[in-house]
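Here is how the chains run, residue by residue.
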Amino acid sequence: MNLTDLAVRNAKPKEKPYKLTDGDGMFLLIQPNGGKYWRLAYRYLGRQKTLALGVYPDVGLSLARQRRSEAREALALGSDPSDIKKAGKRAARLAADNSFQNVALAWLDERGSTVQAKQCEKTLARFTADVFPWMGKRPISEIDAPEILTILKRIDSRGARFTAHRVRSEISRVFFFGIKEGHCTANPASGLVKAIPPAQTTHFASITEPAKVGEMLRAFDAFTGTFTVLCALRLAPMLFVRPGELRKAEWPQFDLDRGEWRYLVTKTRTEHLVPLATQAVQILRDLQALTGAGQYVFPGARSRLRPMSDAAINAALRRLGYDTRTEITGHGFRAMARTILHEELEQKPEVIEHQLAHTVPDTLGRAYNRTKFIRERREMMQTWANYLERLKAGSHVAQLGGAMV
């Protein structure tokens, strides 16, 4: 006699397990603890076997019967339904291990040994917000270019075009990693380089007119903040290093007697040498009396164990009345130096680029070398400091045959 939904629902547990049959080998096994389990008894190659069809009430009577029919069809075709079920579970586990999210996390774990932790954290944050919710659980081998493009367009549609391009690049790297590890055989993201319009580069605001540079340097004298920030403000245009490199400067990196500052450029993992003009050395010696006992040249206002805030220079410029969006930023001192050194002081571009620590290959294809052009760079840095000093004094500076008059 076949079962009914009511009979299944009203079946009560007993002291020992018992069965309610539904025909064609299917039965409901009721355990003493109240659990109800669908089972199918069948024979395969002369052996008596049992197949689990699900647990009631998650699997109701109609679904259990459907699974029984599928199992009997497999038997009719000469297959063992238990083997088919095990293969399905293995495929599901493989798909889970092979998901884009799992492969991406494995790539980030490998990448963490070669880049700063913050870079991996930012990539993970972008994936978590913009990628994983839509294709994180998808097998990486099944993801195609249109699926990735949909994600990129969604990011671009909210006005985050730079992020869309960065995410495409990072997705592409995950696929390359997946190919290397055997998770997939192709990289559909590589063909989407031009799928999103190019992002418009916004250059850092900068002052490149000598007269206005002089006005700015004189304005520094009116700064009413801390002496530490004032020194950073005065050194920023003179040294034109990246703002993060300046604020994180450590005293052990300096040899003031030799007039040198050596540190590791985070972006390229190469050592950089900054020749210090006499004016820079004097500023640093004055500051050394205040902060020289600590690690950082420019310690934070709240803790000397940390460098000053990454917003300190820009905040100081704003206090002096400069708009850091349209006039000048801490990073803009690099563009200021590059432009004036080349156009006004006629310094060689390759010498300027080396002092900027840019990894521009030379004619032989060799990348940045910290000691290349060192004599020219020492002379250039002193010339630059002298030039800024004259601008600040309001002197008329012209270039005639390489001499300033």
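Basis of the calculations
Residues numbered from 1 in each chain as written. Predicted model: local features only at pLDDT ≥ 70, side-chain atom pairs only at ≥ 80, totals over all residues. Heavy atoms only, no water. Patch = residues over 30% accessible without salt bridge, like charges linked within 9 Å, V, L, I, M, F, W, Y side chains within 5 Å. Areas by Shrake-Rupley, 256 points an atom, 1.4 Å probe, with all protein chains shown as cover. Salt bridge = Lys/Arg side-chain N within 4 Å of Asp/Glu carboxyl O. Lys, Arg positive; Asp, Glu negative; His and termini not counted. Charge placed at Lys NZ, Arg CZ, Asp CG, Glu CD. Helix = DSSP H or I, 4+ residues; strand = E, 2+ residues; numbered from the N terminus. Contact = heavy atoms within 4.5 Å. Expected span 1.5 Å × (residues − 1). Buried < 20%, exposed > 50% of the residue type's maximum accessible area, 1.4 Å probe, protein only. Pairing = 2+ DSSP bridges. Axes fitted to C-alpha atoms, helices over the stretch in contact; angles between N-to-C directions. Core = buried A, V, L, I, M, F, W, Y, C linked by side-chain atoms within 4.5 Å.

**Regarding a positive patch on the surface**
On the surface, Lys-118, Lys-122, Arg-166, Arg-173, Lys-248 and Arg-306 cluster together into a patch of positive charge. Secondary structure elements with two or more residues in the positive patch: α5 (117–130) and α8 (161–181). Relative to the elements of secondary structure, Arg-306 occurs in the loop between α12 (278–291) and α13 (312–319).

**Description of the side chain of Arg-334**
In this structure, Arg-334 sits in helix α14 (residues 332–343). Each residue touching Arg-334, except ones within four places of it in the same chain, is listed here: Phe-240, Val-241, Arg-242, Leu-356 and His-358.

**Considerations on α14**
Over its 12 residues, α14 extends 16 Å from the first C-alpha to the last, a length consistent with the 16 Å expected when each residue adds 1.5 Å. Of the residues making up α14, those classed as buried are Gly-332, Phe-333, Arg-334, Met-336, Ala-337, Ile-340 and Leu-341. Taken together, the buried residues of α14 touch α9 (210–220), α10 (227–239), α13, α15 (349–355) and α16 (374–393).

**Let's talk about the pairing of strand β6 (residues 260–265)**
The sheet contact formed by strand β5 (residues 254–255) and β6 spans two bridges and is antiparallel. Its bridge partner being in β6, Asp-255 is matched across the sheet by Glu-260. If you look at the hairpin formed by β5 and β6, you'll find four residues sitting between the two strands, and Gly-259 has a positive phi there, around 70°. Here β6 runs beside strand β7 (residues 270–275); their pairing, made up of six bridges, is antiparallel. Residue pairing in the sheet places Trp-261 in a bridge with Val-274 of β7.

**Some remarks on the sheet that holds β6**
Strand order in the open sheet made by the three strands is β5-β6-β7, with antiparallel pairing throughout. Each edge of the open sheet carries a strand with a single partner, namely β5 and β7. Lying on the sheet, α16 is in contact with β6 and β7; it crosses β7 at an angle near 45°.

**Thoughts on the nonpolar core**
Ranked by internal contacts, the top residues of the largest apolar core, which has 61 residues, are Met-216, Leu-239, Trp-261, Leu-276, Phe-298 and Trp-384. Counting only elements with at least two residues in this core, the list comes to α9, α10, β6, α12, α13, α14, α15 and α16. For this core, the element with the most residues is α10, which contributes nine residues. Dropping the residues within four chain positions of it, Leu-239 is found in contact with Leu-246, Trp-261, Val-274, Leu-276, Ala-280 and Met-381. Ranked by size, the runner-up nonpolar core spans 28 residues in total, among them Phe-100, Phe-127, Phe-132 and Leu-152.

**Thoughts on the sheet that holds strand β1 (residues 18–23)**
Reading across the sheet, the four strands line up as β1-β2-β3-β4 and stay open at both edges, with antiparallel pairing between neighbours. Here the strands that pair on one side only, and so sit at the sheet edges, are β1 and β4 (47–56). Each adjacent strand pair in this sheet contributes to an overall mean axis angle of 30°, direction not counted. Pairing of strand β2 (residues 26–30) with strand β3 (residues 36–44), which is carried by five bridges, proceeds in the antiparallel orientation. Opposite Leu-28, over in β3, you have Trp-38 as the bridge partner. Across the face of the sheet, helix α2 (residues 61–76) comes into contact with β1, β2, β3 and β4 while running at roughly 15° to β3.

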